[in-house]
Amino acid sequence: MSDEHSDLGFLRKYVFSTDHKTIGIQYGITALVFLFFGFSLMMMMRWQLAYPGSAIPIIGGLLPDTLVDRGAMLPDFYNQLGAMHGTIMVFMGIVPLAVGAFGNYVVPLQIGAPDMAFPRLNMMSYQAFVIGGIVMLASFFLPGGAASSGWTSYAPLAVTATTGQTFWLIGMIFLIASSLLGALNFIVTILHIRAEGLTFFRLPFFVWSQLVTAFLLLLAFPPLQAAAIFQLMDRLAGTSFFLPSGLVVGGEQIVAAGGGSPLLWQHLFWFLAHPEVYVLILPGMGIIAEVIANNTRKPLWGYRPMVYSLLVLGFLSFGVWAHHMYMTGMGTTMSTFFQITTMIISIPSVIILTCLVISLWGASIRFSVAMLFALAFLPMFGIGGLTGLPLGLAAPDAHLHDTYYVIGHFHYVVAPGTIFAMFAGIYYWYPKATGRTLNVTLGKVHFWLSFIFMNGVFMPMMFEGMAGVSRRLFDPTIYDHGAAVHGLTVMTSWSAWCLAAAQIPFIINFFWSMRKTERAEENPWQATTLEWATPTPPPHGNFTETPVVYRGPYEYSVPGADRDFSPQYVKQEA
């Protein structure tokens, strides 16, 4: 089977591949490229915020006059960068990396499957993702530039914006379709083609996280898909789903406007976008659990409570969306309801984080690069969660809403939180995917620089937000309170540029190690889960023999065993 697959031509093997491993690697490389591009947009924004009105170094003179004035960023260009940075990082970067890459590559291996349940659907999912990404990036070259109505695309502003907003909506339709196809595939794969003996409570925690994430995608994305189509019709077909009566733009009343509700868009968007937070973080938690169990050489503490907490998180995530909308005047009764659900949903997150921390107690910790990122994830995600509690209460949210505090909170969850988890996963499973090991020295340089400068970027934002600095200001120094904390803004910008430089060791390591480092062992981490039962890297079809599972996923340091790990797939000797 492996030889047969290797004889396929380039188009069949890569462009139209149905092998989950190839598709997973394609998702991963593409998502990392999008992440780097989205990060580059933010670095340009940080220059404007730190040095308002100054020409952008190096590239300022290369940009067209529609975007810059003598090299200095124009406000419309700043808005485009902000909208596209958020969109690219969330929908084209982290989600495809967390679900499309890690889910596609690892899940079938961990459940003993030869491939995903629907290989061609898997191929279509990646193709829809690429098409959506190309459409998004193409919008930069349109008259008027890319979308500039924020990553939330709030109506009615987005309905009356330039053509770039139309491309944003079309791109989102493809990206959502990609996620829906992938989610359906993951659910069927995990539920129906597990190896013999692999009961639900023998599943690795990572597989549980991907299963719950797939249900979130399948249930939360359709409302936004419908909303995107409605907003597209408002722009192109003269409807008014989100256009209120009497809307005046540029001194003239819009004829098509009438009876629409801008708040309807917000409800539909946030009904997706709050579960989306858990779409970002749950796969990260799954990766961290795998890395911690392996590098502590002991079972996860509280495996079953962690699984139950995942299920509760998934269920409750659909009942908290309107805590993003306290400022819309929903009334005290509805505000109280969403405050209560928001406080309740923090409990299962705390349970999972507590179990991971207690798993470290009494362990003989192996400080691999993956483990360093996993250990850093724990306090960083904790900071992200704790700083979110004031935003979940209507009273403090009145002061903090739309300030840099919101940016700092959210990014602590998804940057030193989720992205650190993604790095942990790359360092952990890189030998499985490539047959090579990443250089440890470069890995540790990458970790420590990233850890220092990541906090340098987002911690100052907390204080800027508490000072009342708005997240959407093109020049925060125009107000006294913004000028008073401008030193923090400059610190944030320099930290962001240093954080970009800190990724250079990772990029070098990632590509250099594919050819130059030593061949990896079949099971270099002495892990217990099923993906390490395959050759390294796995052939087409994955397993040379049909695997059978005999025990749970984290049988480390079992009393009486002749070694400190007992793989799921090795039958216990009598």
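Preceding this section is the structure that the text describes.
Just so you know, the residues in each chain are numbered from 1, in the order the chain's sequence is written. This being a predicted model, a pLDDT of at least 70 is required before a residue's local features are given, and a value of 80 or more before pairs of side-chain atoms are given or counted; all residues contribute to the totals for chains, interfaces and linings. Hydrogens and waters are ignored; side-chain quantities use all the structure's heavy atoms.

A.B. asks: Can you walk me through helix α7 (residues 205–236) in this structure?
C.D. replies: Side chains of residues three or four places apart in an α-helix project in the same direction, reflecting 3.6 residues per turn. The first and last C-alpha atoms of α7 sit 45 Å apart over 32 residues, in line with the 46 Å expected at 1.5 Å per residue. At F221, α7 shows its largest kink, close to 35°, and the proline P222 lies no more than four residues downstream. Counting buried positions along α7 yields 23 of 32 residues, so the element is predominantly enclosed. Just past α7, the residue G238 takes up positive phi, approximately 80°. Per the convention used, a helix needs a DSSP run of H or I reaching at least four residues, while a strand needs a run of E reaching at least two, with both numbered from the N terminus. How far a helix is expected to stretch is found by multiplying one less than its residue total by 1.5 Å. One axis is fitted to the seven residues ending at the residue and one to the seven starting there. The bend at that residue is the angle between these axes. We call a residue buried when its accessible area falls under 20% of the maximum for its residue type, exposed when it is over 50%, and partly exposed in between, using a 1.4 Å probe and counting protein chains only.

A.B. asks: Looking at this structure, how should I read the pattern of salt bridges?
C.D. replies: In the sections that follow, a salt bridge refers to a side-chain nitrogen of Lys or Arg positioned within 4 Å of a carboxyl oxygen of Asp or Glu. Applying the stated rule across the entire model yields 5 salt bridges. One salt bridge connects D69 with R70, and the closest N-O pair in it is separated by 3.5 Å. The residue R472 makes a salt bridge to D402 at a minimum N-O spacing of 3.5 Å. With R472 in the loop between α14 (440–466) and α15 (480–484) and D402 in the loop between α12 (394–400) and α13 (404–434), this residue pair connects regions lying 70 residues apart in the sequence. Judged by its relative accessible area of 26%, D402 falls in the partly exposed class.

A.B. asks: Explanation requested: the nonpolar core in the structure shown.
C.D. replies: We call a set of buried residues a nonpolar core when its members are Ala, Val, Leu, Ile, Met, Phe, Trp, Tyr or Cys and they connect through side-chain atoms within 4.5 Å of each other. Counting residues in each nonpolar core, the largest one holds 174 residues, and the members touching the most others are F205, L224, L282, I288 and L356. A total of 20 residues in this core trace back to one element, the largest contributor, which is helix α4 (residues 75–110). With residues up to four places along the chain from it excluded, the contact list for L356 reads I288, A289, I292, L300, M306 and L378. A contact between two residues is defined here by any heavy atoms of the two lying within 4.5 Å.

A.B. asks: I would appreciate a short explanation of the packing of aromatic side chains in the present structure.
C.D. replies: Think of a pair of aromatic rings as described by two things: how far the centres are apart, and how the planes are tilted against each other in angle. Each Phe, Tyr or Trp ring (for Trp, its six-membered ring) is paired with any other whose centre lies within 6.5 Å, and the angle between the two planes then decides the class: stacked below 30 degrees, edge-to-face above 60, tilted in between. Taken as a whole and assessed by the stated rule, the structure comprises 47 aromatic pairs. The interplanar angle of 45° and the centroid separation of 5.6 Å between the aromatic rings of F271 and F318 together place this pair among those described as tilted. On the criterion of sequence distance, the pair formed by F271 in helix α8 (residues 262–296) and F318 in the loop between α9 (303–316) and α10 (332–358) is long-range, its members being 47 residues apart. Ring plane angle 80° and centroid distance 5.0 Å describe the contact between W494 and W497, whose orientation is recorded as edge-to-face. Residue W494 and its partner W497 are both found in helix α16 (residues 486–502); the two are separated by 3 residues, about one turn of the helix. A residue is classified by how much of its surface remains accessible, and W497, at 18% relative accessible area, is buried. Through pairs of rings, three or more aromatic residues link up here, namely F373, F420, F423, Y427, Y430, F447, W448, F451, F506, F510 and F511. Across the ring face of F201, the terminal group of R304 is positioned such that the distance to the ring centre comes to 4.0 Å. Criterion for a charge above a ring: Arg CZ or Lys NZ at most 6 Å from the ring centre, at most 35 degrees from the ring normal.

A.B. asks: Explain α4 here, please?
C.D. replies: Its 36 residues give α4 an end-to-end C-alpha distance of 49 Å, which sits within 8% of 52 Å, the value for a rise of 1.5 Å per residue. At P96, α4 shows its strongest bend, of approximately 50°. Counting buried residues along α4, 32 of its 36 residues qualify, which places the element largely inside the surrounding structure.

Function cannot be inferred from these measures alone, as they are strictly geometric.
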